[in-house]
Amino acid sequence: MRCVVLSLNGKIVAITGIGSPDEPKGNGRAIAELFARQGAFVEGIDYQEKEGKRSHDAIRKAGGSCRFTIGDVTSEIDVNAWITAVMSYHGRLDILINNVGQSERMSPEAVNTACWQKQMELNLNSVMMTCRAALPHMIDQGHGVIVNISSVAGIRYLGKPQIGYSAAKAALQQYTKTSAIIHAKNNIRMNCVLPGLMHTAMLERMADKYANGDYEGFVEKRNNQVPMGCMGTAEDVANATLFLASDEARYITGTELIVDGGITAAVPE
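As the structure is a computational prediction, the values presented were derived from the model and not from experiment.

Colleague: An account of the environment of Thr200 is requested, with residue identities and associated values reported.
Modeller: The residue Thr200 is located in the loop between β7 (198–199) and α6 (203–210) in this model. When its relative accessible area of 10% is taken as the criterion, Thr200 is described as buried.

What follows is the structure, given as structure tokens:
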């Protein structure tokens, strides 16, 4: 008898932030494409209509099942409407992947209050709102899986003054742990994936912002910071997320899976 590993056949999966260019892909798109290939019906949301539709179309073209919703996950109205629509269409929600995130640099002595609040809204509050909307349905149906994409910045200083991002991601990890224990009795698993330095769609914008547009130099610098000698890819994040979302990880909850090429295990230089 053939064993199908990490199958998501027939699962309904809601994923935030699925939009991205074709190459390099963002984490959300890579997760959505992989989950669709594994048999899931993907319900994606993104505030960028063009990029979200690009991901949706790529999944459908490859033979996968996907619907795309334009929405802002920092908006309670948008989040609640999205989850309500998913439940109305499918009658259940098996897996929720919270993928959105973005960092801004700021030092403790010069925090911009508005920027700090936006970091919390995007990196932490959005997860609270999607989970708040999805959990009652998962409780009622008697099962569910939530995977939150955090960052190694939540457990280690990476040489950049991004205290808002780091604080939000650290809080996200503890939110996930605590919620996982609270809802273990409901047969709901909750875990985090912690990517390190990844070569994703955001890298070009980061190079423009922090390296005066020197993309190649910025890539080389980040590659050199990784013990394995290169950044990871969105597909590396997607593979880790797939494992935690799958039935093969049925006994794993309230923990983190680090995907960083050895950064957090290395001695800081």
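Colleague: Please set out the layout of surface pockets residue by residue, giving values where relevant.
Modeller: Here the largest pocket is characterised by a volume of approximately 1,300 Å³. Around the largest pocket, the lining is made up of 49 residues, and of these Val100, Gly101, Gln102, Ser103 and Met202 lie nearest the centre. For the lining of the largest pocket, the elements supplying multiple residues, two or more each, are α1 (27–37), β2 (41–46), α4 (113–141), α5 (163–182) and α6. For the lining of the largest pocket, the class distribution of residues is 19 nonpolar, 19 polar and eleven charged.

Colleague: Can you lay out the pairing of β2 for me, pointing to particular residues and giving the numbers?
Modeller: Most of β2 is tucked away: six of the six residues are buried. By the alternation rule, side chains of β2 split into Phe41, Glu43 and Ile45 and Val42, Gly44 and Asp46, which are all buried. Bridge analysis of strand β1 (residues 12–16) against β2 gives five bridges, and the strand direction is parallel. Bridged to Ile12 within β2 is Phe41. The parallel pair β1 and β2 is bridged by α1, and the resulting crossover is right-handed. Alignment of β2 against strand β3 (residues 65–70), held across six bridges, turns out to be parallel. In the sheet register, Gly44 faces β3, and the bridge partner there is Phe68. Tracing the backbone out of β2, into helix α2 (residues 49–61) and back to the parallel element β3 gives a crossover that is right-handed.

Rules used throughout
Residues numbered from 1 in each chain as written. Predicted model: local features only at pLDDT ≥ 70, side-chain atom pairs only at ≥ 80, totals over all residues. Heavy atoms only, no water. Helix = DSSP H or I, 4+ residues; strand = E, 2+ residues; numbered from the N terminus. Buried < 20%, exposed > 50% of the residue type's maximum accessible area, 1.4 Å probe, protein only. 1 Å grid on protein atoms, 1.4 Å probe; cavity = no way out; pocket = protein on both sides within 12 Å on 5 of 7 lines; lining within 4 Å. Points joined across faces, edges and corners; volume = space filled by probe spheres on them. Nonpolar A, V, L, I, M, F, W, Y, C, P; charged D, E, K, R; others polar. Pairing = 2+ DSSP bridges. Right-handed = clockwise from strand over helix to strand, strands pointing away.

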